[in-house]
Number of protein chains: 2
Amino acid sequence: METMSTAGTDRDYVQSLERGFAVLLAFDEDLTNPTLAELATATGFSRPAVRRLLLTLQRLGYVANEGTRWSLTPRVLTIGQHYTATNARIELAHPHLLRLAERTSESASLAELDHNEVVYVARVPVRRIMSINVAVGTRVSAHATSMGRVLLAWSGPERITRFLEEAPLRPHTARTLTDPAQLRTALATVREQGWSLVDGELEEGLISVSAPVRDRTGAVVAALASSTSAGRLAPERLQTETVPTLLETAAALSQELGYTQRTQPHARDGFF
Amino acid sequence: METMSTAGTDRDYVQSLERGFAVLLAFDEDLTNPTLAELATATGFSRPAVRRLLLTLQRLGYVANEGTRWSLTPRVLTIGQHYTATNARIELAHPHLLRLAERTSESASLAELDHNEVVYVARVPVRRIMSINVAVGTRVSAHATSMGRVLLAWSGPERITRFLEEAPLRPHTARTLTDPAQLRTALATVREQGWSLVDGELEEGLISVSAPVRDRTGAVVAALASSTSAGRLAPERLQTETVPTLLETAAALSQELGYTQRTQPHARDGFF
């Protein structure tokens, strides 16, 4: 078998594949039904290049046009489904999310880290509490969410340092922690207490608690979260009422993923 | 502005883009952590070609490797999120789905047609009733689901004929309608009564009801569904208790999308 270089060289790079994704992802809330010209402006590619990519995406069923306006098709949603299908833990998490949502009467979520952001990988909504759409696949800041804090807390000292160097600690509200040193302290607290509570740092009035989900190696592979609006439940009540249920559910899911307390902490944890 | 041909010619086709998607979509429940060789076998491409595509997908953040095994990253989920972000109706449907789920104590779904299949575009799960994972982005047979019957029923006579010619009417259970003439009759009934009930045709014990969601042109753009297990609710009770709530919710959502009873029926409906 040939040697696999994970870095790759420029010769190994398929530019038209990158460009195809760039065109597909140029469709967003600000560009829902763009023309060819608008897509060329958004991507910086020439019109003939965008045209060829659009026609290819159309033949693959991902975009459709009505006159000169283009739009995404629901087939785009099925791409994401392949991630869900290849990750047994999302399937296994589903009944746990349902039970957590039922026991707390609050929305339950499972999230993972993707580079320096958090991605919702599964969710059972109970009521609408965020102004943003928190459909599966939604990305949010890691530093300003309880899920992100949990995922970072156990990601290892080097990973945390890299995050603090790379990620812009954007203030989403007046309460958002934007000081690297303060965030580092907050992460240490999360590791100590075993869970995270974030109150109004991503959005005013949004409050959430998260706990780590571990696999059989002991690595934290996901964060389980329960979120509510500050008006419904004070942080203190969230802590005394929701956190125990959250921890219990995260432990049950971790156990199902093969984690046992006796498991050696994962080498990458670095904190034990 | 140049003339846009929607058909395109072979010269307009970017083969490496198609191949990149083929490699990405080769990851599924049967191939969760493939090697390069397994991906080459699955796609039919040469190993060097698969290697270049994988390295490109890796640089884009969609795949990762551990040794010789490759896997999808959660970033793949965020591709689908672009469809949700570009479709106001999914955002608008969310509170309606929550209310439907709350009032019926059953899972509520919104689905759209993608070629000859149904794709879940939004969902509020209440309990686990299907053996398959019905995450957003999941594709199911149109002929064997109440959502598919609703979406087909108002898709127009030509579309229905094309569907019956193209789609394999696969028997999922002993009850699945697989005779084109019978399916045609079932669709006429759906149009007449304004909703669809399908009992155990996709999966034994799974029963669901669906109603059409219309936009301001009068076109049926989505199906709203409520699903339960046959053990919990007999078809008769579903009809008398759930259907009125379902129709009311679908009407409220349609109204929010700009549909009024006085709106001219959409030309493509063809049935009025």
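Quick notes on the rules
- Residues numbered from 1 in each chain as written.
- Chains lettered and ligands numbered in written order.
- Predicted model: local features only at pLDDT ≥ 70, side-chain atom pairs only at ≥ 80, totals over all residues.
- Heavy atoms only, no water.
- Pairing = 2+ DSSP bridges.
- Helix = DSSP H or I, 4+ residues; strand = E, 2+ residues; numbered from the N terminus.
- Axes fitted to C-alpha atoms, helices over the stretch in contact; angles between N-to-C directions.
- Contact = heavy atoms within 4.5 Å.
- 1 Å grid on protein atoms, 1.4 Å probe; cavity = no way out; pocket = protein on both sides within 12 Å on 5 of 7 lines; lining within 4 Å.
- Points joined across faces, edges and corners; volume = space filled by probe spheres on them.
- Nonpolar A, V, L, I, M, F, W, Y, C, P; charged D, E, K, R; others polar.
- Buried area = accessible area lost by both parts, 1.4 Å probe.
- Salt bridge = Lys/Arg side-chain N within 4 Å of Asp/Glu carboxyl O.
- Polar contact = N/O pair within 3.5 Å; in protein donor to acceptor, adjacent residues only side chain to side chain.
- Phe/Tyr/Trp six-rings, centres within 6.5 Å; stacked < 30°, edge-to-face > 60°.
- Buried < 20%, exposed > 50% of the residue type's maximum accessible area, 1.4 Å probe, protein only.
- Lys NZ or Arg CZ within 6 Å of the ring centre and 35° of its normal.
- Least-squares fit on C-alpha atoms with pLDDT ≥ 70 in both.
- pLDDT = per-residue confidence, 0-100.
- Core = buried A, V, L, I, M, F, W, Y, C linked by side-chain atoms within 4.5 Å.
- Domains from an automatic or database assignment.

**Student:** Sorry, what's going on with the sheet that holds strand β4 (residues 117-124) of chain A here?
**Tutor:** To summarise the sheet geometry, strands pair through backbone hydrogen bonds and adopt either a parallel or an antiparallel arrangement. Here six strands make up an open sheet; going across it, the order is β5-β4-β3-β8-β7-β6 (chain A) and the pairing antiparallel. Each having just a single partner strand, β5 (139-141) and β6 (196-199) of chain A make up the two edges of the open sheet. On average, each strand axis in the sheet is tilted by 35° relative to the strand beside it, whichever way the strands run. As judged from the five bridges shared by strand β3 (residues 107-114) of chain A and strand β8 (residues 220-229) of chain A, these two strands associate in the antiparallel manner. Its bridge partner being in β8 of chain A, serine 109 of chain A is matched across the sheet by alanine 225 of chain A. With respect to the sheet, helix α4 (residues 75-86) of chain B is in contact with β3, β4 and β5 of chain A, its orientation differing from that of β4 of chain A by roughly 70°.

**Student:** Please clarify how empty space enclosed by the protein should be interpreted in this entry.
**Tutor:** Take a probe with the size of a water molecule and roll it over the atoms, and the empty space left behind shows itself. Evaluated as defined, the whole model comprises five cavities of 30 Å³ or more. If you trace the largest cavity, you find 29 residues lining it, with Arg123, Ala135 and Val136 of chain A together with Arg123 and Val136 of chain B closest to the centre. Elements that contribute at least two residues to the lining of the largest cavity include exactly α4 (75-86), α5 (88-104) and β4 of chain A together with α4, α5 (88-104) and β4 (117-124) of chain B. For the lining of the largest cavity, a count of residues per class yields 17 nonpolar, 10 polar and two charged.

**Student:** Would you explain the interface of chain B and chain A in this entry?
**Tutor:** Note on interface size: it is often stated as the accessible area lost on association of the parts. With 79 residues of chain B at the interface, the matching set in chain A holds 79 residues. Taking both sides of the interface into account, the surface hidden between chain B and chain A amounts to around 7,600 Å²; carbon and sulfur atoms contribute 63%. At the junction of chain B and chain A, the tally comes to two salt bridges. One salt bridge in this structure joins aspartate 114 of chain B and arginine 75 of chain A, with 2.9 Å as the shortest N-O distance. Run the count over chain B and chain A and you get nine residue pairs in polar contact (both at pLDDT 80 or more). When contributions to the side of chain B that touches chain A are tallied by element, the ones reaching two or more residues are α1 (15-26), α3 (47-59), β2 (69-72), α4, α5, β3 (107-114) and β4 of chain B. Here the side of chain B that touches chain A takes 12 residues from α4 of chain B, the largest share from any one element. Looking at the side of chain B that touches chain A, its residues break down into 36 nonpolar, 24 polar and 19 charged.

**Student:** Could you clarify how one ought to interpret the sheet that holds β4 of chain B in this entry?
**Tutor:** Strand order in the open sheet formed by six strands is β5-β4-β3-β8-β7-β6 (chain B), and the pairing between neighbours is antiparallel. Whereas interior strands pair on both sides, the edge strands pair on one side only; in this sheet they are β5 (139-141) and β6 (196-199) of chain B. Strand-to-strand twist of the sheet, defined as the mean angle between neighbouring strand axes without regard to direction, takes the value 35°. Examined bridge by bridge, β4 of chain B and β5 of chain B share three bridges and lie antiparallel to one another. Bridge pairing links valine 119 of chain B to arginine 139 of chain B in β5 of chain B. Running at roughly 70° to β4 of chain B, α4 of chain A makes contact with β3, β4 and β5 of chain B of the sheet. In the packing of helix α9 (residues 235-256) of chain B onto the sheet, contacts are made with β3, β6, β7 (206-214) and β8 (220-229) of chain B, and the angle to β7 of chain B comes to roughly 25°.

**Student:** In this structure, what is going on with the environment of proline 168 of chain A? I would like to understand it.
**Tutor:** Looking at the element boundaries, proline 168 of chain A is found in the loop between α7 (157-166) and α8 (180-193). Counting along the chain gives 71 residues from proline 168 of chain A to glutamine 239 of chain A, while the straight-line C-alpha distance between them is 29 Å.

**Student:** What should I look at first to understand the packing of aromatic side chains in this one?
**Tutor:** Each pair of aromatic rings is reported with the distance of its centres and the angle of its planes. Within this structure, the stated rule accounts for three aromatic pairs over all chains. Geometrically, the ring pair formed by phenylalanine 21 of chain A and phenylalanine 21 of chain B is tilted, given 5.2 Å between the ring centres and 45° between the ring planes. One end of the pair, phenylalanine 21 of chain A, is in helix α1 (residues 15-26); the other, phenylalanine 21 of chain B, is in helix α1, on a second chain. On the basis of relative accessible area, phenylalanine 21 of chain A is assigned to the buried category, the value being 2%. Ring pairing ties together the aromatic residues Phe21 and Tyr62 of chain A together with Phe21 and Tyr62 of chain B, which thus form one cluster. Taking NZ or CZ as reference, arginine 19 of chain A lies 4.4 Å from the ring centre of phenylalanine 45 of chain A, over its face.

**Student:** Help me out: how do you make sense of the relation of the copies chain B and chain A in this one?
**Tutor:** Two chain copies, one operation linking them: a rotation about an axis together with a shift along it. Mapping chain B onto chain A is achieved by rotating through 180° and translating by 0.0 Å along the same axis, at an RMSD of 0.0 Å. With respect to symmetry, the two chain copies, as superposed, fit the operation of a two-fold axis. When C-alpha positions in chain B are compared against the rotation axis, the closest is assigned to leucine 17 of chain B, at 2.3 Å. By residue overlap, the copies meet face to face through one surface: 100% of the interface positions of chain B are interface positions in chain A.

**Student:** Help me understand the pairing of β3 of chain B, please; the structure alone is not making it clear to me.
**Tutor:** When a strand is regular, its side chains alternate between the sheet's two faces. All names here are of chain B. Burial within β3 is extensive, with seven of its eight residues counted as buried. Two strands pair when backbone bridges link them, and β3 and β4 are joined in this way by seven bridges, in the antiparallel orientation. Directly across from alanine 108, in β4, lies its bridge partner valine 124. Here β3 folds back onto β4 in antiparallel fashion, the turn holding two residues, of which histidine 115 has a positive phi close to 50°.

**Student:** Hey, could you run me through the pattern of salt bridges in this one?
**Tutor:** Where charged atoms from two side chains of opposite charge come close, those side chains can pair. All names here are of chain A. Scanning the entire structure with this criterion turns up 20 salt bridges over all chains. Put simply, glutamate 106 and arginine 232 hold a salt bridge, and the shortest N to O gap is 2.5 Å. Residue glutamate 106 is located in the loop between α5 and β3, and its partner arginine 232 is located in the loop between β8 and α9 (235-256); the two are separated by 126 residues in the primary sequence. Residue glutamate 106 is classed as buried on the basis of its relative accessible area, which comes to 0%. Residue classification places arginine 232 among the partly exposed residues on the basis of a relative accessible area of 39%.

**Student:** I tried to follow the confidence of the model for chain A on my own but got confused; where do I start?
**Tutor:** Caution applies to low-pLDDT regions: their predicted coordinates should not be interpreted in detail. Residues and elements named next belong to chain A. When pLDDT is averaged across chain A, the result is 90; 91% of the residues are at 70 or more. Averaged pLDDT values for the elements of chain A fall to 92 in α5 and rise to 98 in helix α6 (residues 146-153). Confidence over residues 1-8 falls short of pLDDT 50; this stretch has 17 contacts with residues more than four positions distant or in other chains.

**Student:** Got a minute to help me understand the nonpolar core in this structure?
**Tutor:** Generally speaking, nonpolar side chains in soluble globular proteins are found buried as a group. Core analysis: the biggest nonpolar cluster contains 110 residues, and Leu24 and Leu110 of chain A together with Leu24 and Leu110 of chain B have the highest contact counts within it. Of all hydrophobic cores here, the second largest spans 30 residues; its members include Val134, Val190, Leu202 and Ala225 of chain A.

**Student:** What exactly am I supposed to notice about the domain arrangement of chain A here?
**Tutor:** For chain A, the assigned domains read domain 1 (4-75) and domain 2 (87-263). For domain 1 of chain A versus domain 2 of chain A, the separation of C-alpha centres amounts to 33 Å.

**Student:** Quick question: what am I supposed to make of the pairing of strand β7 (residues 206-214) of chain A here?
**Tutor:** All names here are of chain A. For β7, a buried count of nine out of nine residues is recorded, marking the element as mostly surrounded by other parts of the structure. Here β6 folds back onto β7, and the loop between the two strands holds six residues, one of which, glycine 200, carries a positive phi near 70°. As paired strands, β7 and β8 are joined by nine bridges and run antiparallel to one another. Bridging across to β8, leucine 206 finds its partner in serine 229. With antiparallel pairing between neighbouring strands as the criterion, β7 and β8 make up a hairpin whose turn holds five residues, including glycine 218 at a positive phi of roughly 95°.

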